[in-house]
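# Residue-level structure breakdown
Spelled out, the chains give:
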Amino acid sequence: MTSVKSKDNATNLTVLGIETSCDETAAAVVQGPVHRKILSNTIRSQIDEHTEFGGVVPEIAARAHIEILDRIVGEAMHEAGCSWDDIDAVAATAGPGLIGGVIVGFMTAKAIAMAAGKTLIGVNHLEGHALTARLTDDLEFPFLLLLVSGGHSQFLLVRGVGDYERLGTTIDDAIGEAFDKTAKLLGLPYPGGPHVEKMATKGDVTRFKLPRPLLDRPGLDMSFAGLKTALRTQAKKLEPVDEQTIADLCAAFQRSVSDVLAVRTRSALDLFRDRHPDAEPVIVVAGGVAANQEIRTALTSAADAADARFIAPPLALCTDNAAMIAWAGIERMQIGPVDDMALAPRPRWPLDSANAGVLGAGKKGAKV
Ligand code: KG4
Ligand code: ZN
């Protein structure tokens, strides 16, 4: 499986990926870069284990990864029709994330790589998200990435493998986290995003006025904690809130987030044009929040208005998965030899080391 060569002499690789940084246990086998192909993409969500606690409990997550990871890897190999002889390398998330889970995944990968004599690649989870669109679409560097998940909300300029610049970030809550907290305070189940979205469809978006935090300031940073507090204040005034009020609050919250993202996306595309006047402006969205239809529509319009290409990979590859980790491993192997046997798993690992400032401890570690 490793003999196919492209024009520029890239060798096709087959890589096993492992992802355990949050509440998904995932393994996948991916081939590339010559013929990009996902041979398997196995995932088991732990949501049922965490729902009653209203969020991910790190200790429960780590234990659940230990219990099931072997089986998930076996399933991914079986579904891909691969034996260990067919695998060139093992790539696993080495951070950032909930450290117990990261250790389970990365140490498992280390053991497999050692026993089977394979290259080990420790992948930055954010790099996995950042490069996914190059697996699913024909996409050259540079491009813009908007990563919006439960742990991260940031604009990244992706110039190449390992060459990232964070252009803006949330200065407090990640967007998914804000959706989850809003849902919780309105009595909706975890994870909150899909429930807030569903309620918002029945809501009157004009009833409540919520702020668009930070939009009065230049730059690409965002803030969502104040928005949630404003919503809480409105809800408290009307306690006990009825079903229609919950729907109206959800609609106002979602509109506010969409507006902030749309405005910031326009500015990010302007900045991209300034920096790379000869490149096609492209914005890629990744992360669970990308499932939100109103947000997708707002981003599509912002990209259209800026004459830019908008790429949203299929949802299963936008949210946490192991195919993106295997793919990032393949990309890393194209730029030089890799041997991460000495690498230690880490809870915090900013992609852009120039911006390593720690702004808070989110569900998945620092909101880098
Ligand atoms: O990327 P993801 O699956 O996991 C990480 O956090 O890395 O993202 C999960 C987040 C949760 O906060 C969830 O509430 C949010 O994405 N989410 C949504 C929607 N679906 C999931 N937020 C808004 N609208 C949705 N439809
Ligand atoms: Zn993620």
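Located above this text is the structure these notes cover.
Cut-offs and rules
Residues numbered from 1 in each chain as written. Chains lettered and ligands numbered in written order. Predicted model: local features only at pLDDT ≥ 70, side-chain atom pairs only at ≥ 80, totals over all residues. Heavy atoms only, no water. Donors = N, O, S within 2.8 Å, 3.2 Å for Na, K, Ca; no water. Helix = DSSP H or I, 4+ residues; strand = E, 2+ residues; numbered from the N terminus. Buried < 20%, exposed > 50% of the residue type's maximum accessible area, 1.4 Å probe, protein only. Pairing = 2+ DSSP bridges. Axes fitted to C-alpha atoms, helices over the stretch in contact; angles between N-to-C directions. Near = heavy atom within 4 Å. Polar contact = N/O pair within 3.5 Å; in protein donor to acceptor, adjacent residues only side chain to side chain. Areas by Shrake-Rupley, 256 points an atom, 1.4 Å probe, with all protein chains shown as cover.

Attention shifts here to the coordination of the zinc ion (ligand 2). Taken together, the protein ligands of the zinc ion (ligand 2) are His125 (NE2), His129 (NE2) and Asp320 (OD), with distances of 2.1 Å. Mapped onto the sequence, the donors of the zinc ion (ligand 2) take the spacing H-x3-H-x190-D. Highlighted residues: histidine 125 and histidine 129, both in helix 4 (residues 125–136), separated by 4 residues, approximately one helical turn. One exposure class covers both histidine 125 and histidine 129, and it is buried.

Spatial strand order, 8-7-6-9-10: 5 strands in an open sheet with mixed pairing. The sheet is open, and its two edges are formed by strand 8 (163–169) and strand 10 (309–311), each paired on a single side. Geometrically, the sheet is characterised by an average inter-axis angle of 25° between neighbouring strands, direction not taken into account.

What follows is about unusual backbone geometry. With omega at -5°, the peptide bond leading from phenylalanine 141 into proline 142 counts as cis. Position of proline 142 relative to the elements: it lies in the loop between helix 4 and strand 6 (143–148). Here the residue pair glutamate 239 and proline 240 is connected by a cis peptide bond, since its omega of -5° sits within 30 degrees of zero. Positive phi is not limited to glycine here, since aspartate 307 has a value of about 60°. Judged by its relative accessible area of 66%, aspartate 307 falls in the exposed class.

If you check the shell around ligand 1, you find 20 residues, and the closest are Gly150, Asp180, Gly193, Glu197 and Gly288. Note that an oxygen atom of ligand 1 is positioned 3.1 Å from one of the backbone N or O atoms of glycine 176. Residue glycine 193 places a main-chain N or O atom 3.0 Å away from an oxygen atom belonging to ligand 1. Here ligand 1 loses 91% of its free accessible area of 550 Å² to cover by the protein chains. For the shell around ligand 1, the secondary-structure elements that each account for two or more residues are helix 5 (175–185) and helix 6 (192–200).

Turning to the sheet that holds strand 1 (residues 13–19), a few remarks are in order. For sheets, the rule is that strands pair by backbone hydrogen bonds, running either parallel or antiparallel. The strand order across the open sheet built from 5 strands is 3-2-1-4-5, with neighbouring strands paired in mixed fashion. With partners counted over all chains shown, the strands left at the sheet margins are strand 3 (37–45) and strand 5 (119–124), one partner each. Direction aside, neighbouring strands of the sheet carry axes that sit 20° apart on average. Pairing analysis gives 6 bridges linking strand 4 (residues 89–95) to strand 5, with the strands arranged parallel. Looking at the pairing, valine 90 lines up with leucine 120 of strand 5.

On to the pairing of strand 8. Of all 7 residues making up strand 8, 5 are buried, and the element is well covered by its neighbours. Bridge count between strand 7 (residues 153–160) and strand 8: 6 bridges; the pairing is antiparallel. Counterpart to glutamine 154 in the pairing with strand 8 is threonine 169. Connecting strand 7 to the antiparallel partner strand 8 that follows it, the hairpin turn spans 2 residues, and glycine 162 within it adopts a positive phi of roughly 80°.

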